[in-house]
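What the coordinates show
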Amino acid sequence: MKRILIIGATGQIGSELTMALRKQYGGENVVAGHIVGCAPKGELLESGPFEVCDVTDSQMIANIVKKYHIDTIYNLAALLSVVAESKPKLAWKIGIDGLWNVLEVALEHGCAVFTPSSIGSFGPSTPHVMTPQDTIQRPRTMYGVTKVTTELLSDYYFLKYGVDTRSVRFPGVISNVTPPGGGTTDYAVDIYYSAVRGEKFTCPIKQGTLMDMIYMPDALKASIDIMEADPSRLVHRNAFNIASMSFAPETIFENIKKYKPDFEMDYAVEALKQSIADSWPDCLDDTCAREEWDWKPEYDLDRMTQDMLEKLPIRLGLNK
Ligand code: SER
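Report on the accompanying structure. (Residues numbered from 1 in each chain as written. Predicted model: local features only at pLDDT ≥ 70, side-chain atom pairs only at ≥ 80, totals over all residues. Heavy atoms only, no water.)

With that settled, consider the environment of K273. As for its placement among the helices and strands, K273 is situated in helix α10 (residues 271-279). Considering only alpha carbons, one finds K273 and T185, 88 residues apart in sequence, at a separation of 8.5 Å. Non-local contacts of K273, meaning those with residues more than four positions away in its chain, are made with V82, G183, T184, P204 and I205. (Helix = DSSP H or I, 4+ residues; strand = E, 2+ residues; numbered from the N terminus. Contact = heavy atoms within 4.5 Å.)

Structure (structure tokens):
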């Protein structure tokens, strides 16, 4: 049975990944690492151990790894793309100095490591349609710079020291639990909040802007499956393109409108978000993930919309 530490367990992905891992490996085997001021609550608090774990403090990480005999670290600490542009130094400190700490602890204690990359690791010179697994990665955002570095450093620790690093490039992640904060793809989450509250949505991204997105259950499945994959089949490691849906704002709007005919949307394009979105792929080619570890998503846009519109009002305590 794996013994897992999640760094960033109360964040957008961490809060749901922690629960999914606890379901799979047992609550006591999954330690929720969080920063001061972001303590777990409710189910997350009650379902297993938790520790303050600051990714910028290597001793703190090492102490938890030793205390719980950790063999796998999910390193989810990061700033999203828009906020990283306003705090580039902090983005580097958390994303790269933090990763260095995690990899060193992993090397010393024999842990496997998952540190997500993103569609943000691509840039304007990347082929935008069916972006290949191995292609040009020259991002112009600090988020992208940290993600490319994450991929390279993770590969380096595998090739040089044999640390079992593996990961995926997440599309924009959509869920009804913990909202993202400061990302370019956040609009695709926010739009559902407006729809279920009966409010008009103002979209910060312009019509026709395609980006890859993924529904949280598929993002969780990918995070677990890649770490369970047979290593002898892995040609790539850090990090796999994964894809399940790609859409522009008008497409998700029309899809929601199918179930909420009165829903309205207008546009107030935000320049920074738009320039970041324009630099990212329209859609990824995830053939390598499908071939090397049988990646297969379950949700398309319509299935996701139905699930979001059913679950979000319950979570927000709204009457349907
Ligand atoms: N969701 C991220 C962002 O928008 C991209 O991976 O910053």
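That covers the picture; the talk isn't over yet.
Our focus in this paragraph is the sheet that holds strand β5 (residues 112-114). Strand order in the open sheet formed by six strands is β3-β2-β1-β4-β5-β8, with parallel pairing between adjacent strands. A single partner strand is all that each edge strand has here, and the edge strands are β3 (50-52) and β8 (165-166). In the packing of helix α3 (residues 58-68) onto the sheet, the strands contacted are β1 (4-7), β2 (30-34), β3 and β4 (72-75), and the crossing angle to β3 comes to about 155°. (Pairing = 2+ DSSP bridges. Axes fitted to C-alpha atoms, helices over the stretch in contact; angles between N-to-C directions.)

This part covers unusual backbone geometry. In the segment running from N238 into A239, the intervening peptide bond is cis, with an omega of 5°. Turning to its location among the elements, A239 is positioned in the loop between α8 (216-228) and β13 (240-241). Residue H69 is not a glycine yet carries a positive backbone phi of 50°. You can see H69 is positioned in the loop between α3 and β4. Take H69: its relative accessible area is 60%, and that puts it in the exposed class. Although it is not a glycine, D294 sits at a positive phi angle of roughly 60°. Considering the arrangement of structural elements, one finds D294 in the loop between α11 (287-293) and α12 (301-316). (Buried < 20%, exposed > 50% of the residue type's maximum accessible area, 1.4 Å probe, protein only.)

Turning next to the environment of I94. Tracing the chain through its elements places I94 in helix α5 (residues 88-109). Judged by relative accessible area, I94 falls into the buried class, the value being 17%. A C-alpha to C-alpha distance of 26 Å links I94 and D190, two positions 96 residues apart in sequence. The contact partners of I94, leaving out residues within four places of it in the chain, are V55, T56, A77, A78, L79 and L99.

One open sheet accounts for three strands, arranged β6-β9-β13; its pairing is parallel. For this open sheet the edge positions go to β6 (117-118) and β13, each flanked by a neighbour on one side alone. With two bridges joining them, strand β9 (residues 168-170) and β13 adopt parallel strand pairing. Directly across from R169, in β13, lies its bridge partner N241.

A few words on the site of the ligand. As a matter of local geometry, the ligand sits amid L80, S81, S118, Y143, F170, G183, T184, T185 and W280. The side chain of S81 places a nitrogen or oxygen atom 2.6 Å from an oxygen atom of the ligand. One of the side-chain N or O atoms of T185 is found 2.8 Å from a nitrogen atom in the ligand. Protein coverage of the free-state accessible area of the ligand, which is 230 Å², stands at 94%. (Near = heavy atom within 4 Å. Polar contact = N/O pair within 3.5 Å; in protein donor to acceptor, adjacent residues only side chain to side chain. Areas by Shrake-Rupley, 256 points an atom, 1.4 Å probe, with all protein chains shown as cover.)

Moving on, we come to the pattern of salt bridges. Two side chains bearing opposite charge may form a pair once their charged atoms approach each other closely. Enumeration over the complete set of coordinates arrives at 10 salt bridges. Between D302 and K258 there is a salt bridge, with its nearest N and O atoms 3.0 Å apart. One end of the pair, D302, is in helix α12; the other, K258, is in helix α9 (residues 249-259), with 44 residues separating them in the sequence. Accessibility expressed as a relative area gives 22% for D302, which makes it partly exposed. In this structure, K311 and D307 form a salt bridge, with 3.1 Å as the shortest nitrogen-oxygen distance. (Salt bridge = Lys/Arg side-chain N within 4 Å of Asp/Glu carboxyl O.)

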